[in-house]
Amino acid sequence: MRVFIENKEKADRTILQKAQQTFWYNASYMLFYSAIVFNQKEYADALPVVEQAARLQPSSYLFSELGECYYQVGNNEQAEQAFRKAAEMTPGYVTPHYKLFSFFRQSGQLEKAAAIAQYLLDAIYKQYGSNAIFTRQEAKDFLEMYKVSVAQHQEGGKMIGN
């Protein structure tokens, strides 16, 4: 199976799809297969595989991937639920909250993005490294622009992102 990960071309999906039927309840295989399909950015194909992997072995990482799949196929409601679940599973880690923040920004839900940005600034993380530093700076920059935009909107201007 390692050949599929190392191969820069698309993996021979027919072999993987046949194996998927056999290993549908094997958490290790579904994690492996979901990573391949997800990394190829074939989100519609990845969706049922990532859903199954998350059922078999729930993790913040898989729920974040699931959120991205839902977002890419246009299901923002389920995307939000998956991103929120990922963030709830690991409250002391920055990445799931950052992905939720990014989802709200990308989907134009700026008020929700602002709330998560504030959380990112206020949160206490288990590890405070470069990822947390850059995330906090991005959240701070977003909030500053958002506050200016809200003030302009209240004065009759137009909000950013609209």
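Below you will find a few notes about this structure.

About the cut-offs
Residues numbered from 1 in each chain as written. Predicted model: local features only at pLDDT ≥ 70, side-chain atom pairs only at ≥ 80, totals over all residues. Heavy atoms only, no water. Helix = DSSP H or I, 4+ residues; strand = E, 2+ residues; numbered from the N terminus. Buried < 20%, exposed > 50% of the residue type's maximum accessible area, 1.4 Å probe, protein only. Contact = heavy atoms within 4.5 Å. Areas by Shrake-Rupley, 256 points an atom, 1.4 Å probe, with all protein chains shown as cover. Patch = residues over 30% accessible without salt bridge, like charges linked within 9 Å, V, L, I, M, F, W, Y side chains within 5 Å. Salt bridge = Lys/Arg side-chain N within 4 Å of Asp/Glu carboxyl O. Phe/Tyr/Trp six-rings, centres within 6.5 Å; stacked < 30°, edge-to-face > 60°. Lys NZ or Arg CZ within 6 Å of the ring centre and 35° of its normal. 1 Å grid on protein atoms, 1.4 Å probe; cavity = no way out; pocket = protein on both sides within 12 Å on 5 of 7 lines; lining within 4 Å. Points joined across faces, edges and corners; volume = space filled by probe spheres on them. Nonpolar A, V, L, I, M, F, W, Y, C, P; charged D, E, K, R; others polar.

**Regarding the overall build of the protein chain**
- The helix and strand tally for the protein chain stands at nine helices and zero strands.
- Listing the helices and strands of the protein chain from first to last along the sequence gives α-α-α-α-α-α-α-α-α.
- Sorting the 162 residues of the protein chain into buried and exposed places 41% on the buried side.
- A separation threshold of at least 6 residues defines the contact pool for the protein chain, and within that pool the share at least 24 residues apart is 45%.
- Summing over all exposed atoms, the protein chain offers an accessible surface of approximately 9600 Å²; the carbon and sulfur share of this is 52%.

**Here we look at a nonpolar patch on the surface**
- On the surface, Tyr128, Ile133 and Phe134 cluster together into a nonpolar patch covering about 360 Å² of accessible area.
- Within the secondary structure, tyrosine 128 is located in the loop between helix 8 (110-122) and helix 9 (130-154).
- Given the relative accessible area of 48%, tyrosine 128 is considered partly exposed.

**A few points about the packing of aromatic side chains**
- Evaluation of the coordinates by the stated rule reveals seven aromatic pairs.
- Centroid distance phenylalanine 103 to phenylalanine 104: 5.4 Å. Interplanar angle 45 degrees. Geometry classified as tilted. The pair phenylalanine 103 / phenylalanine 104 is uniform in exposure class, with both members buried.
- A network of ring pairs unites the aromatic residues Tyr71, Phe83, Phe103 and Phe104 as a single cluster.
- Cation over ring: lysine 85 sits above phenylalanine 63, and NZ or CZ is 5.5 Å from the ring centre.

**Remarks on the layout of surface pockets**
- Taken as a whole, the largest pocket spans an internal volume of roughly 180 Å³.
- Of all the elements in the fold, those that place two or more residues in the lining of the largest pocket are helix 5 (60-72) and helix 7 (94-106).
- Per-element accounting of the lining of the largest pocket gives the leading share, five residues, to helix 5.
- Of the residues in the lining of the largest pocket, the class split is five nonpolar, three polar and three charged.

Function cannot be inferred from these measures alone, as they are strictly geometric.
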